[in-house]
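A closer look at the structure
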Amino acid sequence: MTVTRPDYAEKIPNNVGLAEDRRLQRALESWQPNFLSWWETMGPTLPTQDVYLRTAIDVRGAGWATFGHVPMIDYRWGIFLADRNPDRRVAFGQHKGEAAWQEVPGEYRAELRRLIVIQGDTEPASVEQQRNLGATAPSLYDLRNLFQVNVEEGRHLWAMVYLLHAYFGREGREEAEELLHRNSGSQDSPRILGAFNEETPDWLSFYMFTYFTDRDGKYQLGTLKESAFDPLSRTCEFMLKEEAHHMMVGTTGVDRVVERTAQVMVEKDTDDVAGYGVIPLPVIQKYLNFHYSVSLDLFGGETSTNVANYYTAGLKGRWLEERRRDDHKLTDDAMMVDALVEGEVGQVEVSALTGLNTDLRREYTADCSGGVKRWNRILADAGLPQRLYLPHVAFNRKVGAFAGIEASPDGQQLTAGEWERSNGQWLPTDTDKTFVRSLMRPVYERGKIAAWVAPPRGAPRAGGINGQPFDYDYVHLV
Ligand code: BYC
């Protein structure tokens, strides 16, 4: 392993030896004020003095991050790549066995840039989507977690911008500028992928987003970590470390909503708990349906020649590529993918290469089932018979094989009229959204929490971040 120590004396903390590359350093230093001005105009709107944040300072071991109260604008957004393995070899595709690439091969320049730009675009998009949530935080603990997610998504933008500046010349620098100009939900220049133009207007949406959409991030980063382009691989490896916290926020966030709802259902002996100021299970299910189906779209089409080309070229691998027991080339293999077969929801056999988006989507779905199992255990432990579920892969899809049809959560195909009449049973209606929003009142008092969500396990004396209690002063407001 080649180990590079991060340099914290620098304007831009990094472990990529920025000081030795004056041109690159200057280019990134001239992008930095644009990033900061984007953060001030498009980042969190709630004014704060400081926030108890984790900052990456290393890439290895227990000491990879420090925790402390920092004004968010002074957060040390840095560039960190996992350690380089000088013996690393390409693990799949037509270049399998060759030395991993330290530079971008000319013939793959456009595709690699596209993958990096799409990944980079999601990071600031999520900060934009979440910018107003501070105004309705259910506790200081949650508020701190929101800001942690936000600053780290900002750092992930830095990670992609570094690659664009360092390896893609003028075009890369232009793309880096564009990443700050597109905006979530903008009519003129929206973010690239659908889910990143949706609103995150309330905290149930935030927990669902960090559970389902950040989890897509985990899987996409996992495939880019396999890339033959070594700097991309090392960047994604380190991003995955930070990403784990974001998913913890989602998993335990939904846990705590379900737990609180279950408590009130048992206490009041009714399913109709809206009047008691908690979120009814059917509404939680609708939010789940929405966020899961929108996140399925992020995997692209069920069959895709793009993904076949990415794989063959060595740009994007499979989830846990090296653990797969096959030839890692897949040129002679086939697989079954979800498809419309003679107008019906079914499966068809395709070449394994063109089915790789489906392969990844299935890994993702299996992982998502884990969350549903957890939430159902909370319901079972409360003695309740109700259960949550993941809707069918054909439900509410806008990308891929089922984009042209409507289907119910159990996979029954519906006519346009049937969908029109019934989708309000499965997706949040305006009434549901208004109700959820009506519960979103800020609770900024130390150790206190809103009534619609349970505190984390161990609260108030434990259950917090970095061994701190739940009632710690995580955020100092202005
Ligand atoms: N919206 O060949 P196809 C994260 C386009 S999340 C709009 O099936 P492909 C995060 C597609 O571009 C992870 N358009 O797709 C989470 C193509 O256009 P062209 C983000 C879409 O290329 C939370 C056409 O449709 N990372 O990190 O195989 C917070 C046909 O598509 C969409 C990545 O996505 C869509 N949803 O796969 C913060 C990794 N889907 O070529 C962060 C990088 C497809 O006809 N990206 N299209 O013009 C990729 O790996 C792939 O580009 C995709 C699409 C998986 C996105």
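As shown above, the structure is provided for reference.
Residues numbered from 1 in each chain as written. Predicted model: local features only at pLDDT ≥ 70, side-chain atom pairs only at ≥ 80, totals over all residues. Heavy atoms only, no water.

With that settled, the discussion passes to the overall build of the chain. From N to C terminus, the chain includes 11 helices and seven strands. Compactness check: the chain gives a C-alpha radius of gyration of 23 Å against a globular reference of 23 Å for 478 residues, within 12% of the reference. For the chain, buried positions account for 57% of its 478 residues. For the chain, the share of sequence-separated contacts (at least 6 apart) that also reach a separation of at least 24 residues comes to 72%. If the 53 positive side-chain charges of the chain are averaged to one point and the 68 negative ones to another, these points end up 4 Å apart. (Helix = DSSP H or I, 4+ residues; strand = E, 2+ residues; numbered from the N terminus. Rg over C-alpha atoms; globule rule 2.2 N^0.38 Å. Buried < 20%, exposed > 50% of the residue type's maximum accessible area, 1.4 Å probe, protein only. Contact = heavy atoms within 4.5 Å. Lys, Arg positive; Asp, Glu negative; His and termini not counted. Charge placed at Lys NZ, Arg CZ, Asp CG, Glu CD.)

Further remarks concern the pattern of salt bridges. Summed over the entire model, instances satisfying the criterion amount to 27 salt bridges. The partner of Asp 121 in a salt bridge is Arg 182, with the nearest N and O atoms 2.7 Å apart. Linking Asp 121 in helix 2 (residues 109-129) with Arg 182 in the loop between helix 4 (169-181) and helix 5 (203-224), this pair joins segments that are 61 residues apart in sequence. Relative accessible area serves as the criterion here: at 12%, Arg 182 is assigned to the buried category. Residues Arg 362 and Asp 338 are paired through a salt bridge, measuring 3.8 Å at the closest nitrogen-oxygen approach. Here Asp 338 lies in strand 3 (residues 334-341) and Arg 362 lies in helix 9 (residues 356-381), a separation of 24 residues in the sequence. Owing to a relative accessible area of 34%, Arg 362 belongs among the partly exposed residues under this scheme. Within this structure, Asp 121, Glu 128, Arg 182 and Arg 191 form a network of salt bridges that share partners. (Salt bridge = Lys/Arg side-chain N within 4 Å of Asp/Glu carboxyl O.)

Roughly 830 Å³ of internal volume is contained in the largest pocket. Lining the largest pocket we find 41 residues, and of these Leu 193, Asp 297, Leu 298, Phe 299 and Gly 300 sit closest to its centre. No other element matches helix 5, which puts eight residues into the lining of the largest pocket. The class makeup of the residues in the lining of the largest pocket is 18 nonpolar, 13 polar and 10 charged. If you go around the second largest pocket, you meet 16 residues; those closest to its centre are Arg 88, Lys 225, Ser 233, Glu 237 and Glu 322. (1 Å grid on protein atoms, 1.4 Å probe; cavity = no way out; pocket = protein on both sides within 12 Å on 5 of 7 lines; lining within 4 Å. Points joined across faces, edges and corners; volume = space filled by probe spheres on them. Nonpolar A, V, L, I, M, F, W, Y, C, P; charged D, E, K, R; others polar.)

Glycine aside, negative phi is the norm for most residues, and most peptide bonds take the trans geometry. Omega for the bond connecting Ala 459 with Pro 460 falls within 30 degrees of zero, at 5°, which places this linkage in the cis form. Inspection of the secondary structure assignment puts Pro 460 in the loop between helix 11 (430-439) and strand 7 (475-477). Of note in this structure, Leu 320 is not a glycine but carries a positive phi near 50°. Note that Leu 320 resides in the loop between helix 8 (305-313) and strand 3. Since its relative accessible area comes to 33%, Leu 320 is described here as partly exposed. In the Ramachandran plot, Leu 330 falls in the positive-phi region, its phi being about 65° despite a non-glycine side chain. Within the secondary structure, Leu 330 sits in the loop between helix 8 and strand 3. Judged by its relative accessible area of 4%, Leu 330 is buried.

Another point: the environment of Trp 426. Turning to its location among the elements, Trp 426 is positioned in the loop between helix 10 (416-422) and helix 11. With relative accessibility at 14%, the residue Trp 426 sits in the buried group. Separated by 150 residues in sequence, Trp 426 and Tyr 276 place their C-alpha atoms 22 Å apart. Filtering out sequence-adjacent residues up to four positions away, Trp 426 remains in contact with Lys 286, Asn 289, Phe 395, Ser 408, Pro 409, Leu 414 and Trp 419.

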